[in-house]
Amino acid sequence: MLFFCIGPLHAQQGFLEYVVKNQDQNFYTTKAAMDTYYANRDRGRGSGYTHYRRWLMNTEKYVYPSGKMFNFSAQLTATFNRFIQTQPFNLSRATHGYWQSEGPSSYMLGSGWNGGNGRVNAIAFHPDDPNTIYACTPAGGLWVSTNNASTWEPLTDGLPSIGVSGIVINPQDPDIMYLLTGDGDGGHKFSIGVLKSMDGGVTWLPTGLTFNTTETIRGYKILMHPDDPDTVFVAASNGIWRTLNGGDDWTLEIEEWFTDIEFKPESPAAMYAVSLDDFYRSSNTGDTWTIDNDASFPAEWCRMAIGVTPANTNYVYLLFGGHVDGTGNGTFSGIYRSTNSGAGFTLRANTPNLLGYSSSGNDQANQACYDLALAIDPLNADIVYVGGINVWKSTNGGLTGSWTISAHWYEPSNTIGYTHADIHALEFKDATLYCGSDGGVFRSTNAGGDWINVSSGLANMQFYYLDVEVTTITGGTQDNGCNQWNISTDNAIHSRGADGFACLINYNNTSIRYQSTQGSKYRSINGGSSFTNISISGVSDYWDADWIMDPVDPQRLFLAQEDIWRTTTGGTGGWTDLNAGFTEERLITSLAQGVPNTSILYASDEVSLRKSADVLATTPTWSDKTTGLPVTEAMISDIAVDPANASRVWVTFYGLSNGNKVFFSSNGGDTWVNESGSLPNIPVNCVIYQSGSIDGLYIGTDFGVFYRNDDIGDWIFYSNGLPNARVFDLDIEGSTVYAATLGRGVWASSFYSCDTELVLTAAYDPSNVHFTGHQIYHASNTIASTQIITGGIGTDVQYNAGSSITLQEGFHARANNLFEAKLEGCPD
């Protein structure tokens, strides 16, 4: 991976610019620079601080303790596939239960202010069927709608947990598709390369463009030649790649950080591309490229986007994303136009600020390194749309004074038109304009006059936390705040904005609810219709502050925010500092309280564990229980306590320290035993204990859920039907375990069991009739199946019965997958 250092300012740049331009720099060097930068600067909208805190959450868990950056996606994919192929079936690959989606797949606005489903990076269209639309998401994979965006279906749930930044479809044979992996805009997932499907997206296989663990590549755009579908280009952070033979072989044509690439309409030998620094042209279909910057270009910018249109093939628009200056203010660097195929440009406008939050364009905010979109009307070359935080429109070629706001990020009482904040894609399908934003897919059929949310069915919310109580699910998400909904539906009420985190429901009175967003805490007494701020005044705004509810007294809450705090009034009467000795240097990652003995509380920051045996006292005492835990190798992620005996406690770990995943203590943390067993070397994000079981534990990892109990004696893969998404939180209600995923919403499964007889049909998996993913079925007696099992990456299916397995008419296992049938029954 090449290292690019663009511009003279480093610590004087906001996070979005700094991290893009210093991607391979050691994590702790970047963290120190950004902590200094934001120490005395505004941390509000447009400052990049939100994206900085997300990056901290996402990255340190992988790179601790060295801070060395690497391609997490490639590493985890290789590790998990190796694990699946080599471990004993009766241990690590046995699965029981079956996961079903609990949504949400749509929302209604409550007390929040920018509702949505989840982020969409790119939008594409079927070349023949006008009702078929594709949406690319950063953590939930590829989605398709075959009914003009009335409903959506996932196409890549069986793939290892990857982001998607683009798709192209062969117009001569639409079953042939190419998928650009990774999360180019957000950078939360590096690219593992380009995948190819020959069957309309049912199965996917690698192409010749594959990035390994050492290549921290961000892919931004994939582009197919309009006349030769075997010629495909990728614009990525290490250059422009090209294949001439349908993906078998790829050539790095030019090395620089590229974010956009286009053909000249009707003359594809002419091409345009933009890097972080330069505008490029090619006259020979990408064989050679020439920098062709114009003297009128602005002095500074973060990123560019290209716009072309068949309405005038000689027109080229360039949108220059703004620069964040040393004071934290953002600038809009301008929109330029060429009327001679890029040979020369003129400035059309650099006011108002098209990239900020204000509906009048009079603020100083932008985040162009994160999202920047440009679209030109295919029938009128003077109609231009710009996407930043909002959508703006010009009807005379972008000239100053011609811009009007088309869609605004603030949903309540919006008379302009609403698309969720942060626009990643603007794409025309004939006269209809589609928008991909942090909240899903929106479209306008009247030239931006009105916008309609067409994300219903797109269950791609990126959850961090959840709480389930009786019939209600609530949880915090990336980009889309806090949401709550009834288990019997999948239509969420959006109740808080920004990034949402830990949420709680009073188990004695479900009308009392608690939610948190970016360090702030809120309480509702009317089921979430309205909230009161109960944050602690003067305490650091911990981004991801955990809190728990006492299992005996729901008015007593414990909050991990710089230290451990307690309230006995549901937060309305203030908070008491329990002086556990934590500092703001480390995030407090987890709290766990005893049930029969509520005086016991465990608390962990990322590298230490502490315990109080008298946490209900006026002045609790604390002891360190870190000795024996591998905190020099991996960071603590979560804690679980046996509800029948609070001296029995389990601690889980993030990171890629092999064999350091789960530790158990039977004596309140005095000594520890490693119970990692045969778990693969992937991060364990959360753990929950099943009451009444023989030490039944569920853990959420970057590739689904694992389970163990004392009878089995090791971990089994417990993820039938569950997409290969990152599971960030787990909860239990009744006899059901719930999983909050980053990118595929909330899922639910019955507890561990082993069936006597199984009949497997397409109806057994209504969310995915072409069974994909690692799925293993056990029955103590018989299995009969008419399933269709897909091939390609991520598909690995086993039937394991005690007496017989019958593959009935209709059963079919496709090429390029592992299918096995074994007469071994349930694991002991």
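Structure shown above.
Per chain, residues are indexed from 1 in the order of the written sequence. Local features in this predicted model are restricted to residues whose pLDDT is 70 or higher, and side-chain atom pairs enter the listing and the counts only when it is 80 or higher, whereas totals over whole chains, interfaces and linings include all residues. In computing side-chain values, all of the structure's heavy atoms are included and hydrogens and water are not.

### Considerations on the overall build of the protein
So, step 1. For helices the rule is a DSSP run of H or I covering at least 4 residues; for strands it is a run of E covering at least 2, with both sets numbered from the N terminus onward. Of the regular secondary structure elements, the protein holds five helices and 65 strands.
So, step 2. Compactness check: the protein gives a C-alpha radius of gyration of 26 Å against a globular reference of 28 Å for 828 residues, within 12% of the reference.
So, step 3. A principal-axis box enclosing the C-alpha atoms of the protein has dimensions of 75 × 65 × 45 Å.
So, step 4. Within the protein, contacts between residues at least 6 apart in sequence are counted, and of these 52% link residues at least 24 apart.
So, step 5. In this description, accessible areas are obtained by the Shrake-Rupley approach with a 1.4 Å probe, and a residue is regarded as covered only by the protein chains that are shown. A total accessible area of about 26400 Å² is found for the protein, and carbon and sulfur atoms account for 47% of it.
So, step 6. Side-chain charges of the protein comprise 42 positive and 84 negative groups, with the mean position of each set lying 4 Å from the other. Throughout, radius of gyration means the C-alpha value; the globule benchmark is 2.2 Å times the number of residues raised to the power 0.38. Should any heavy atoms of two residues lie within 4.5 Å, those residues are counted as being in contact. Just so you know, the count uses Lys and Arg for positive and Asp and Glu for negative, and it drops His and the chain ends. In this description, the location of a charge corresponds to atom NZ of lysine, CZ of arginine, CG of aspartate or CD of glutamate.

### Here's the deal with the state of the cysteines
So, step 1. Cysteine sulfur pairs qualify as disulfides if the two atoms are within 2.5 Å. Under the defined criterion, the tally for this structure stands at one disulfide.
So, step 2. Across the disulfide, cysteine 302 is cross-linked to cysteine 369 (sulfur-sulfur distance 1.3 Å). Every disulfide takes its handedness from the sign of the S-S torsion; for cysteine 302 and cysteine 369 that torsion is 85°, giving right-handed. One end of the pair, cysteine 302, is in the loop between strand S18 (290–291) and strand S19 (304–307); the other, cysteine 369, is in the loop between strand S22 (346–349) and strand S23 (373–376), and 67 residues separate them in sequence. Accessibility assignment for this pair places cysteine 302 and cysteine 369 in one class, buried.
So, step 3. No disulfide involves cysteine 136; its sulfur sits 14 Å from that of cysteine 435, the nearest cysteine.
So, step 4. Remark: exposure states derive from per-residue accessible area (1.4 Å probe, protein chains only) relative to the maximum for the residue type, with buried under 20%, exposed over 50%, and partly exposed in between. In this structure cysteine 136 comes out as buried when scored by relative accessible area, which is 0%.
So, step 5. Exposure remark for cysteine 435: the relative accessible area of 0% places this residue in the buried category.

### Quick word on unusual backbone geometry
Trans peptide bonds make up most of the peptide bonds, and negative phi angles are found at most residues other than glycine.
So, step 1. Omega for the bond connecting glycine 103 with proline 104 falls within 30 degrees of zero, at 0°, which places this linkage in the cis form.
So, step 2. Along the polypeptide, proline 104 turns up in the loop between strand S1 (100–103) and strand S2 (106–109).
So, step 3. The step from threonine 351 to proline 352 runs through a cis peptide bond, and the omega angle for that step is -10°.
So, step 4. Positionally, proline 352 belongs in the loop between S22 and S23.
So, step 5. Of note, the phi angle at threonine 285 is positive, near 55°, even though the residue is not glycine.
So, step 6. Within the secondary structure, threonine 285 is located in the loop between strand S17 (279–282) and S18.
So, step 7. Positive phi is not limited to glycine here, since glutamine 518 has a value of about 50°.
So, step 8. The residue glutamine 518 is located in the loop between strand S36 (513–517) and strand S37 (520–524) in this model.

### Structural notes on the nonpolar core
So, step 1. Formed by 68 residues in total, the largest nonpolar core has its most connected members in Trp547 and Phe706.
So, step 2. At seven residues, helix H3 (residues 49–63) tops the list of elements feeding residues into this core.
So, step 3. Ranked by size, the runner-up nonpolar core spans 19 residues in total, among them Ala349, Leu354, Leu374 and Trp392. Nine residue types can take part in a nonpolar core, namely buried Ala, Val, Leu, Ile, Met, Phe, Trp, Tyr and Cys, and a core is a set of them joined through side-chain atoms within 4.5 Å.

### Remarks on the sheet that holds strand S46 (residues 623–624)
So, step 1. Paired strands, as defined in this entry, are two strands with at least two bridges between them according to DSSP. Spatially, four strands are ordered S43-S44-S45-S46 in an open sheet, and the strand pairing comes out antiparallel. Whereas interior strands pair on both sides, the edge strands pair on one side only; in this sheet they are strand S43 (588–593) and S46.

### Considerations on the side chain of serine 444
So, step 1. Examined against the element boundaries, serine 444 turns out to sit in strand S29 (residues 440–444).
So, step 2. For serine 444, a relative accessible area of 0% puts it in the buried group.
So, step 3. Within polar-contact distance, the side chain of serine 444 engages the side chain of asparagine 446 at 3.1 Å.
So, step 4. Counted as a polar contact is a pair of N or O atoms within 3.5 Å, where, for protein atoms, one must be capable of donating a hydrogen and the other of accepting one, and residues adjacent in sequence contribute only when both atoms are in side chains. Within the structure, serine 444 has its side chain in polar contact with the backbone nitrogen of glycine 448 (distance 2.8 Å).
So, step 5. Not counting residues within four places of it along the chain, the set of residues in contact with serine 444 comprises Ala431, Thr432, Leu433, Gly449, Asp450 and Trp451.

### Some remarks on the packing of aromatic side chains
So, step 1. In summary, the pairing rule links any two rings of Phe, Tyr or Trp, Trp by its six-membered ring, whose centres are within 6.5 Å, and it sorts them by plane angle into stacked for under 30 degrees, edge-to-face for over 60 and tilted for everything else. Inspection of the entire model under this criterion finds 47 aromatic pairs.
So, step 2. Here the aromatic rings of phenylalanine 15 and tyrosine 52 are separated by 5.3 Å at their centres, their planes lie at 50°, and the arrangement is tilted. Taken together, the residues phenylalanine 15 in helix H1 (residues 15–21) and tyrosine 52 in helix H3 connect sequence positions 37 residues apart. Of the two residues, phenylalanine 15 and tyrosine 52, both sit in the buried class.
So, step 3. Centroid distance tyrosine 315 to tyrosine 317: 6.4 Å. Interplanar angle 75°. Geometry classified as edge-to-face. Like tyrosine 317, tyrosine 315 is buried.
So, step 4. Among the aromatic side chains, those forming a connected cluster through ring pairs are Phe15, Phe27, Tyr28, Tyr37, Tyr38, Tyr49, Tyr52 and Trp55.
So, step 5. The ring of tryptophan 547 has lysine 521 lying over it, and the distance from NZ or CZ to the ring centre is 4.6 Å.
So, step 6. The ring of phenylalanine 582 carries arginine 610 above its face, with NZ or CZ at 4.5 Å from the centroid. Look at NZ for Lys and CZ for Arg. If either is within 6 Å of the ring centre and within 35 degrees of the ring normal, a charge sits over the ring.

### What about the pairing of S17?
So, step 1. By the bridge criterion, four bridges tie strand S16 (residues 271–275) to S17 in an arrangement that is antiparallel. Its bridge partner being in S17, alanine 273 is matched across the sheet by tyrosine 280.
So, step 2. Here S16 folds back onto S17, and the loop between the two strands holds three residues.
So, step 3. Pairing between S17 and S18: two bridges, direction antiparallel. Of the residues in S18, the one forming a bridge with tyrosine 280 is isoleucine 291.

### Quick look at the pairing of strand S25 (residues 391–394)
Looking down a regular strand, the side chains alternate between one sheet face and the other.
So, step 1. By the alternation rule, side chains of S25 split into Val391 and Lys393 and Trp392 and Ser394, which are all buried.
So, step 2. In the sheet, strand S24 (residues 384–387) pairs with S25 via four bridges, with the strands oriented antiparallel. Opposite tyrosine 385, over in S25, you have lysine 393 as the bridge partner.
So, step 3. Counted along the chain from S24 to the antiparallel partner S25, the turn is three residues long.
So, step 4. In this structure, S25 lies alongside strand S26 (residues 403–407), joined through four bridges in antiparallel fashion. By the bridge assignment for S26, valine 391 is matched with alanine 407.

### What about the sheet that holds strand S35 (residues 504–505)?
So, step 1. The strand order S35-S36-S37-S38 describes an open sheet built from four strands, whose pairing is antiparallel. The open sheet has two edge strands with one neighbour each: S35 and strand S38 (532–533).
So, step 2. Bridge analysis of S35 against S36 gives two bridges, and the strand direction is antiparallel. For leucine 504, the partnering residue across the bridge sits in S36 and is tyrosine 514.

### Concerning the packing of helix H2 (residues 27–38) against H3
So, step 1. Look at H2 against H3: their axes get within 11 Å of each other, and the N-to-C directions meet at 155°. Between H2 and H3, the angle falls in the class roughly antiparallel. Between H2 and H3 the crossing geometry is left-handed. In this structure, H2 uses Phe27, Tyr28, Thr30, Lys31, Met34, Asp35 and Tyr38 to contact H3, whose residues at the interface are Tyr49, Tyr52, Trp55, Leu56, Thr59, Glu60 and Val63. Simply put, an axis is a line fit to the C-alpha atoms, just over the touching stretch for a helix, and the angle between two N-to-C directions goes from 0 to 180 degrees. Here is the rule for angles: anything less than 35 degrees is roughly parallel, anything more than 145 is roughly antiparallel, 65 through 115 is roughly perpendicular, and the remaining ranges are oblique. Rotating anticlockwise by less than a right angle from the far helix to the near helix defines a left-handed crossing, while the corresponding clockwise rotation defines a right-handed one.

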